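# Fold and contact review
This is what each chain is made of:
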Amino acid sequence: MDSNQHKAIRALQESLGLQLDLLAVPDERFTRVDDGVMGDAVESFEFQLPWLECGLFDRALVHLTGETSKNVVLYRKKRSEDISLHVQQLVNQLVAVYGEDDYEKKAMTDKEMEMLRNNEMWWGRHWMDALKFKHPASLTFGTDLKLVLYLER
């Protein structure tokens, strides 16, 4: 990874206020996992965070593919507490970094906030166009709340 990519990942980490070092993961705190889905081409590592990233996420999963690809997944299982304000803040931070998403969405709507308060599936925001976004990302809420960051290594 060149220094510009390094700086871009560090800037993303700082913009989102992440404690987890995106450049260093997976480190010795992570345990190798075999989810049976990714196959031999992908190495997966998981870490139960002793803190909440973005006031939301309590787990980190890192998928390494080949020599150059690293996906960092921050997630949490569905729970009963209201997470809508934390998600709204994270969406605002992501929009500040990426701008409008692939579906021309920015700020969350009242309907989306209600969906989160009711623990309903939420399609979220997606910045997946690799030609437009240096480090694609997606934020969704189905069975888990997930933030996926697609990075180089």
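Structure: see above.
On a predicted model such as this, the values are computed, not experimentally measured, just so you know.

### As for the pairing of strand β5 (residues 122–127)
Most of β5 is tucked away, with five of its six residues classed as buried. Judged from the four bridges that link them, β5 and strand β6 (residues 137–141) form a sheet pairing that is antiparallel. The residue bridging Arg-125 from the neighbouring strand is Leu-139, located in β6.

### Focus on the side chain of Glu-112
Its location among the elements puts Glu-112 in helix α3 (residues 110–117). Only 3.0 Å separates the side chain of Glu-112 from the side chain of Trp-122, close enough to count as a polar contact. Those residues in contact with Glu-112, other than ones at most four positions away along the chain, are Lys-105, Ala-107, Trp-122 and Arg-125.

### Some thoughts on the packing of helix α2 (residues 84–98) against α3
Relative orientation of the contacting elements α2 and α3 amounts to 135°, with a least axis distance of 9 Å. When the axis of α2 is compared with that of α3, the two are oblique. As for the relative orientation of α2 and α3, their crossing is right-handed in sense. Note on element contacts: α3 touches α2 through Met-113, Leu-116 and Arg-117, opposite Ser-84, Leu-85, Val-87 and Gln-88. A breakdown of the residues in the contact of α2 with α3 according to their chemical character gives four nonpolar, two polar and one charged.

### Here we look at the pairing of strand β3 (residues 57–65)
Across the nine residues of β3, seven count as buried, placing the element largely inside the fold. With eight bridges connecting them, strand β2 (residues 42–53) and β3 associate as antiparallel partners. Each bridged residue has a counterpart across the sheet, and for Ser-44 the counterpart in β3 is His-63. Where β2 folds back onto β3 in an antiparallel hairpin, the turn is made up of three residues, including Cys-54, whose phi is positive at roughly 55°. In this structure, β3 lies alongside strand β4 (residues 69–77), joined through seven bridges in antiparallel fashion. Among the inter-strand pairings, Val-62 is bridged to a residue of β4, identified as Val-72.

### Quick notes on the sheet that holds β6
The seven strands are arranged β1-β2-β3-β4-β7-β6-β5 in an open sheet whose pairing can be described as antiparallel. Pairing within the sheet leaves two strands with one partner each, and these edge strands are β1 (31–33) and β5. Averaged over neighbouring strand pairs, the angle between their axes works out to 20° when direction is ignored. Contacting β3, β5, β6 and β7 (144–152), α2 runs over the sheet at an angle of about 20° to β5.

### Re the nonpolar core
With 40 residues, the main nonpolar core has Phe-57, Val-87, Leu-90, Leu-139, Leu-147 and Leu-149 as its most contacted residues. The element best represented in this core is α2, accounting for six residues. Here Val-87 is in contact with Leu-56, Met-108, Leu-116, Trp-122, Leu-139 and Leu-145, once residues within four sequence places are set aside.

Thresholds applied
Residues numbered from 1 in each chain as written. Predicted model: local features only at pLDDT ≥ 70, side-chain atom pairs only at ≥ 80, totals over all residues. Heavy atoms only, no water. Buried < 20%, exposed > 50% of the residue type's maximum accessible area, 1.4 Å probe, protein only. Helix = DSSP H or I, 4+ residues; strand = E, 2+ residues; numbered from the N terminus. Pairing = 2+ DSSP bridges. Polar contact = N/O pair within 3.5 Å; in protein donor to acceptor, adjacent residues only side chain to side chain. Contact = heavy atoms within 4.5 Å. Axes fitted to C-alpha atoms, helices over the stretch in contact; angles between N-to-C directions. Parallel < 35°, antiparallel > 145°, perpendicular 65-115°, else oblique. Left-handed = near helix turned anticlockwise from the far one by under 90°. Nonpolar A, V, L, I, M, F, W, Y, C, P; charged D, E, K, R; others polar. Core = buried A, V, L, I, M, F, W, Y, C linked by side-chain atoms within 4.5 Å.

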